Amino acid sequence: MLNTVTRLLREEPEIFENMQRTNAILLDLEPQNPRERILVRSFVEIGGLNTLKNATSFALAEKKLVQNITETFCMERTAALWVVRLFGVAMDFLNEDELLSLDDSEAFSRIERTANTYMHGQVSIGKKHVAAISADGTVFAGGDNLDFQCDVVGWKDIVAVAAGEAHTLGLRADGKVFATGSNAFDECDTANLTDVCAVYAFGNDSVCVLKDGTAVAFGRSRWDLSTFSNIKRVARYPEGLIGIREDGTLCLVGSIADDDAAMEIQWLLSCHDVEQVISTYNSGCVILGKDKRIYKNNQPENYFTQWRDIISIVDLADSFAILRADGTVRVLSYERDKPRPDTAADKWSNIVAIYGGYKRLLGLTKDGNLLIAYTHQGWLWSNQAMLMEYVSGWYPVGVFE
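My aim in this report is to walk through the structure given alongside it, one point at a time. (Residues numbered from 1 in each chain as written. Predicted model: local features only at pLDDT ≥ 70, side-chain atom pairs only at ≥ 80, totals over all residues. Heavy atoms only, no water.)

1. Focus: the pairing of strand β10 (residues 231–237)
Taken together, the six bridges between β10 and strand β11 (residues 240–245) define a ladder with antiparallel strand orientation. By the bridge assignment, Val-234 is partnered in β11 with Gly-243. Linkage of β10 to β11, two consecutive antiparallel strands, is achieved through a turn of two residues. (Pairing = 2+ DSSP bridges. Helix = DSSP H or I, 4+ residues; strand = E, 2+ residues; numbered from the N terminus.)

Put into structure tokens, the structure is as follows:
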């Protein structure tokens, strides 16, 4: 990396003054060094090159830059110091023997986690990538990384993650949110947020719930969430966004596509004691109530009567999955006239949480392993074995009672 930075600084120094050019160059030159790449990008994003150029004292500039990187990007101090000294050596401020060794155990040291109450955010499935929190509060991510949505090395003390179309969010225990990946619609503009208690990524949108019960949104849809209050959870609706209040009632923002959508919304706003909501474009919404049963619009209360003691539901696009109190999982059809999909999840046991999206289902076991099931082989993922390879090594994922 030192040789690369030194050469580029002497040939085209303006590269490190432009985030877009830096991303393109680093992806081509350093595809196998994600830690180093992340740190160089962090240095560029805070204007590190100009700071060093204008510095009267390297020591003072180093102190300022290290503090800026550690606070802005949730980096260990040793890692931040490494990248500042990397540029210091490349710009002839320091000798090469003054460059620190970026040792994984030191630069990204393990952090003991506090108990996490946001089990829904332990793992998140994006369109073509997956993110998960390890037991030590660091983050794994695997899959498509064309927009750097998997560049999460160095995140620490994370309690929730959210994966979207091509970006990833990480919520730190102190309420700060970190983001990486595509920012084409400002979906990663979360740096100034504080006191966040939950994060969500829907396509090219990001939603953050604050500790005071309000919510804010960034991204393509530009939702105005000023009417959201006392919110404990957020869910995607085909034409908008649903907020689940502390008292179990719902609020909603978005457009009404047709008469069926208007009836669906009317039903949703009349519901009480709601724990979760999931939706699909073709088949409407399913609600999980505080009575641990599931309900659907325009259907009798006994529509899903055989499924009880449910603790979680997730949408899979063509179907949905339920997790029961006994640790078993079933994938169900939204419509009674469609057969229930037969998947590997039918044989799972001792599951403590499920995560779904894009016809893929992940189950988290008590010991921190991730299990995988697909409702449609090959859909939106050209190599399913690749996903299995990624998540099979993510052990242990954080599990808390």
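2. Thoughts on the environment of Asn-230
For Asn-230, the location among the structural elements is in the loop between β9 (215–219) and β10. Residue class for Asn-230 comes out partly exposed when judged on its relative accessible area of 49%. With 13 residues separating them along the chain, Asn-230 and Gly-243 place their C-alpha atoms 9.0 Å apart. Setting aside residues up to four positions removed in sequence, Asn-230 forms contacts with Gly-213, Ile-244, Arg-245 and Glu-246. (Buried < 20%, exposed > 50% of the residue type's maximum accessible area, 1.4 Å probe, protein only. Contact = heavy atoms within 4.5 Å.)

3. Description of the sheet that holds strand β14 (residues 284–289)
Taken in spatial order, the three strands line up as β13-β14-β15 in an open sheet, and their pairing is antiparallel. In this open sheet, the two edge strands, each paired with only one partner strand, are β13 (274–280) and β15 (294–296). Recorded for the sheet is a direction-independent mean angle of 25 degrees between the axes of neighbouring strands. Inspection of the sheet shows β14 paired to β15 by three bridges, in the antiparallel sense. Across the sheet, Ile-287 pairs through a bridge with Tyr-295, a residue of β15. (Axes fitted to C-alpha atoms, helices over the stretch in contact; angles between N-to-C directions.)

4. Here's the deal with the sheet that holds strand β8 (residues 205–210)
In spatial order, the strands read β7-β8-β9; together these three strands make up an open sheet with antiparallel pairing. Of all strands in the sheet, those with a lone pairing partner are β7 (196–202) and β9, marking the two edges. On average, adjacent strands in this sheet sit at an angle of 15 degrees to one another, irrespective of strand direction. Pairing between β8 and β9: five bridges, direction antiparallel.

5. Quick notes on the packing of aromatic side chains
Enumeration according to the criterion identifies seven aromatic pairs in this entry. Ring geometry for Phe-43 and Phe-87: centres 4.0 Å apart, planes at 10 degrees, overall stacked. In this pair, Phe-43 sits in helix α3 (residues 34–45) while Phe-87 sits in helix α6 (residues 77–90), placing the two residues 44 residues apart along the sequence. Judged by relative accessible area, Phe-87 falls into the buried class, the value being 0%. Ring geometry for Trp-155 versus Phe-178: centroids 6.4 Å apart, planes at 40 degrees, classification tilted. Of this pair, Trp-155 sits in the loop between β3 (139–143) and β4 (158–163) while Phe-178 is found in strand β6 (residues 177–181), placing the two residues 23 residues apart along the sequence. For Trp-155, a relative accessible area of 6% corresponds to the buried category. Taking the relative accessible area as the measure of exposure, Phe-178 reaches 4% and is therefore buried. Among the aromatic residues, those joined into a cluster by ring pairs are Phe-16, Phe-43 and Phe-87. A cation over a ring is seen here: Arg-41 above Phe-148, with NZ or CZ 4.3 Å from the ring centre. (Phe/Tyr/Trp six-rings, centres within 6.5 Å; stacked < 30°, edge-to-face > 60°. Lys NZ or Arg CZ within 6 Å of the ring centre and 35° of its normal.)

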